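Working through the structure, step by step
Residue-level listing of the chains:
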Amino acid sequence: MDDNTNNQGGGDWSSHPTEKPDEPASLSYADYSKQNQSGKKEMGSLDDSTKLIPEIKSNVALFASYLKGPILYAIAAILAIRLLFSGLGAGVSVVLGIAEAGPTLFSVLGGFEAFVGVFFGFAASVYTYAFFRIGHDRLTGLEQEPPASIKDAIQSVTPVMLSVVLAVLVSHSVTAIGTLMCIVPGVLAFVVLSPSRYLAATRPDLGFQDVLDKSITTGMRYWGAMVGLLAVIVAVIFVQNIGLAILEAISTAIMAAAANNFGAVAFSLTGGILSIVVAIASFVLGLLTMVVAFCVEGGVMSVLTRQDNV
């Protein structure tokens, strides 16, 4: 394949174009996909991954630069909706506490807050992975300009949302089940299924079965890089959970002191205020997690999925 053909298909993966292509209208995923056929499934060596470290570092930095602006604002906006519901829930809890409502209402409110938290947390994750498409398109030359607004960013990834949702559900659920079984199966599941999230977002020409097939190919060949990515993700989640656990413990102690010294009304007011503080901390830590996921996972996968024309 000559250089001209490669440029027609969406740019050279190994370079980062600075000029707009002469014929942007000719760039398409159909052309691009012709250059990226599935490789053979074979277990790679650690050296296959370590030799890519310089390029991975470069692409992580590029994805960090792509994150600025509408992409980051969109992720923050989704998490802010969860924060808003947490604040409203805290206010309702104060009212119920002062009114000395029964435990049933508190249980219903707690269940609703948990549902909202899980729903918008999942939505933030899905959009974070879907935005890989924007990073990929800018990296390869399929697109030169970043989205102009949150609306543009969301609309640009709408065509791949279903595939990304499926990839997130499959990769997360299988990894979680494997981890509960004995940790090692969870690690193996992460290695071979995590690339599906990037592939689902960046290869709309593929069916979901093909996404999984290529994900396994990538994970097996570059298992060293995948284990390194897992270590980064685990470290970020650990920091997030430890931070929230410390805040929850402090909140419980303060609320107990308020109840013992100032009565039920003080307990309710203190609980509401502390719930908002914890929700804000959860928003900040959750956004940090999404930022790391986009920059690090995007940077790693943008390198791995171009190797051997995966």
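Residues numbered from 1 in each chain as written. Predicted model: local features only at pLDDT ≥ 70, side-chain atom pairs only at ≥ 80, totals over all residues. Heavy atoms only, no water.

The number of helices and strands found in the chain is 14 helices and zero strands. In sequence order, the secondary structure elements of the chain are arranged as α-α-α-α-α-α-α-α-α-α-α-α-α-α. The burial tally for the chain puts 45% of its 310 residues in the buried class. Pairs at least 24 residues apart make up 80% of the contacts formed inside the chain by residues separated by at least 6 positions. Carbon and sulfur atoms provide 69% of the accessible area of the chain, an area that totals close to 15300 Å². (Helix = DSSP H or I, 4+ residues; strand = E, 2+ residues; numbered from the N terminus. Buried < 20%, exposed > 50% of the residue type's maximum accessible area, 1.4 Å probe, protein only. Contact = heavy atoms within 4.5 Å. Areas by Shrake-Rupley, 256 points an atom, 1.4 Å probe, with all protein chains shown as cover.)

One can describe the packing of helix α10 (residues 184-193) onto helix α12 (residues 208-221) by two numbers: an axis separation of 6 Å at closest approach and a directional angle of 115°. Classified by the angle their axes make, α10 and α12 are roughly perpendicular. Two secondary-structure elements touch here, α10 through Val191, Val192 and Leu193 and α12 through Leu212, Ser215, Ile216, Gly219 and Met220. (Axes fitted to C-alpha atoms, helices over the stretch in contact; angles between N-to-C directions. Parallel < 35°, antiparallel > 145°, perpendicular 65-115°, else oblique.)

Let us now look at the confidence of the model for the chain. Counting all residues, the mean pLDDT for the chain is 84, and 85% of those residues have values of 70 or more. At the low end of the mean pLDDT range in the chain sits helix α1 (residues 3-8), at 39; at the high end sits helix α11 (residues 195-202), at 96. Contacts of residues 1-38 to residues separated by more than four positions or lying in other chains number 76 contacts, the stretch itself having pLDDT below 50. (pLDDT = per-residue confidence, 0-100.)

A separate point is the pattern of salt bridges. Counted according to the given criterion, the structure contains five salt bridges. Notably, a salt bridge pairs Arg306 with Glu55, separated by 2.4 Å at the nearest N-O pair. In this pair, Arg306 sits in the segment after α14 (264-304) while Glu55 sits in helix α4 (residues 53-67), placing the two residues 251 residues apart along the sequence. Here Arg306 falls in the buried class, since its relative accessible area comes to 17%. (Salt bridge = Lys/Arg side-chain N within 4 Å of Asp/Glu carboxyl O.)

Below, the discussion takes up the environment of Pro146. Structurally, the position occupied by Pro146 is in the loop between α7 (132-140) and α8 (150-157). Taking the C-alpha atoms as reference, Pro146 lies 7.4 Å from Tyr66; in sequence the two are 80 residues apart.

Within the secondary structure, Ser268 sits in helix α14. If we ignore the near neighbours within four places in the chain, the residues touching Ser268 are Val94, Gly97 and Ile98.

Here helix α9 (residues 161-182) spans 32 Å end to end across 22 residues, near enough to the 32 Å set by a 1.5 Å rise per residue. When we look at burial in α9, the residues that qualify are Met161, Ser163, Val164, Ala167, Val168, Ser171, Thr175 and Gly178. Along the axis of α9, the buried positions cluster into a sector of 155°, meaning they face one direction only. In α9, the exposed positions angled more than 90 degrees off the buried face are occupied by Leu162, Ile177, Leu180 and Met181. (Expected span 1.5 Å × (residues − 1). Arc of directions from axis to C-beta.)

Position of Leu229 among the secondary structure elements: in helix α13 (residues 223-262). Residue Leu229 is classed as buried on the basis of its relative accessible area of 3%. Apart from residues no more than four positions distant in its own chain, Leu229 is found in contact with Phe190, Val296, Glu297 and Met301.

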